[in-house]
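Residue strings, one per chain:
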Amino acid sequence: MPTPSVDHKELQHLLDAINSVGSELSLPVVLRRIVDAATVLVGARYGALGVLDETGTGLSEFLTTGLDEEAEAAIGPLPQGHGILGLLIVDPRPIRLPDLTAHPDSYGFPPNHPPMTTFLGVPIRVRGAVFGNLYLTEKADGAAFTDVDEELAVGLAAAAGVAVETARLHDQVGRLRVVEDRERIARELHDTVIQRLFATGLALQSAAARTSDSAMAERLAHAVDDLDDTVRHIRTTIFELQRDRIPGRSIRREVLDLVTETTESTSLEAVVRFEGPVDLTVPEGVADQLVAVVREAATNVVKHAEASAVDIRVRVGDDTLTLTVIDDGVGVPLERRADGNGLGNLRHRAERLGGSMAVDHGVDGGTTLEWRVPLSP
């Protein structure tokens, strides 16, 4: 039997589809071109490309050709991967059927679906994993799909796999660039900005030591303190920039989410500050206790302090984690500082880790709670 020839127009469709794989076009556009080319090359009336969901057991996307928008709307929701489509998902090998309705796994068609008899389906693979399937139905001359049709469809499915792999690699490169940008910014903050701030602070301290104007000396001292505070915030930013390179738990995010959740339905103004590599150095067991203490301390402020503002600070030193909670409320009576309002529980959590807790009046009223534990037993 002679091998059917491919005319110039069909060859152009094939070349367009293959060339689009290496283009700057988006993945959906490339896959659409591949479906269109496959439909033309095998002489099918309808074509589709199904993308598997994350579980690999159903379809998350379904691109079609041969149906206009009105026909697609009349059919209703996209297929979910049942029947013959589901067979290809479970057993991803090329399949040709002279009458798909006669197959024992046939699921039938929804109302308003056009009749389809002949069927050709091939898997789309990416590094051995199945990404989706290419479906072609209703060969134009009414005959069954041939070996040549299957070879063409398999070739285009391979091109679709390359397109998917290329898109994934571009995405990975994009993420790497983001990481590199974060590292560059962190280096510049550390090597340039912080060093300049240190130099400025030393110059101000030197000026304060030489001036005979006490008011000026005081203002210079405050400026130095502000610079020190700025350096601490920049270091926190550096740790945050570097944190995304390390997979796993984000203690910062947990604390921020917890404080937001606790105070969002109140008028309380909450500020959360971090100092040091919180996400990098705090062990899991200490992190669990820290989150629990933050929850209880924030809840106490909301329920009992009658405060308008709370300042929550988490600081990691060389070997110690310190949580400080400062509010501007009514304060905790002396007789309740040991065990009142759940403070005894917070103290016990600190002591179990070999640490301590102290509660006192704030400088301008309110309450200051300091919870301090070692980073290692």
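Numbering of residues starts from 1 in every chain and runs along the sequence as written. Local features in a predicted model are, by the rule used here, given only for residues with pLDDT of at least 70; side-chain atom pairs are given and counted only at 80 or more, and totals for whole chains, interfaces and linings are based on all residues. Based on all heavy atoms of the structure, the side-chain values leave hydrogens and waters out of the count.

A.B. asks: Is there a simple way to explain the sheet that holds strand β6 (residues 269-275) in this structure?
C.D. replies: In any sheet, the strands associate via hydrogen bonds between backbone groups, in a parallel or an antiparallel arrangement. The sheet built from 5 strands is open, its strands ordered β6-β7-β8-β10-β9 with mixed pairing. Whereas interior strands pair on both sides, the edge strands pair on one side only; in this sheet they are β6 and β9 (356-361). Direction aside, the axes of adjacent strands within the sheet are offset by 10° on average. Should any heavy atoms of two residues lie within 4.5 Å, those residues are counted as being in contact. Each axis is a line fitted through C-alpha atoms, taken for helices only over the stretch in contact, and angles between the N-to-C directions span 0 to 180 degrees. Secondary structure is summarised from DSSP: a helix means a run of H or I of at least four residues, a strand means a run of E of at least two, and numbering begins at the N terminus for each. Lying over the sheet, helix α9 (residues 284-305) contacts β7 (309-316), β8 (320-327) and β10 (367-374), oriented at roughly 10° with respect to β8. In this description, strands pair whenever DSSP reports at least two bridges between them.

A.B. asks: Can you help me understand the packing of aromatic side chains in this one?
C.D. replies: Given two aromatic rings, their pairing is described by the distance between the two centres and the angle made by the two planes. Put simply, two rings from Phe, Tyr or Trp (the six-membered ring, in Trp's case) pair if the centres are within 6.5 Å, and we call them stacked under 30 degrees between planes, edge-to-face over 60, tilted for the rest. In the structure shown here, the tally under the stated rule is 2 aromatic pairs. Aromatic side chains Phe62 and Tyr135 sit 5.9 Å apart centroid to centroid with 35° between the ring planes, which places their arrangement in the tilted category. Of the two residues, Phe62 sits in strand β2 (residues 59-65) while Tyr135 sits in strand β5 (residues 129-139), which places them 73 residues apart along the sequence. Exposure categories follow from relative accessible area, calculated using a 1.4 Å probe and restricted to protein chains: below 20% of the type maximum is buried, above 50% is exposed, and the middle band is partly exposed. You can call Tyr135 buried: its relative accessible area is 3%. Ring centres 6.3 Å apart and planes at 35° place the aromatic pair Phe119 and Tyr135 in the tilted group. Here Tyr135 lies in strand β5 and Phe119 lies in strand β4 (residues 119-126), a separation of 16 residues in the sequence. A relative accessible area of 3% means that Phe119 is categorised as buried. What links up through ring pairs into an aromatic cluster is the set Phe62, Phe119 and Tyr135.

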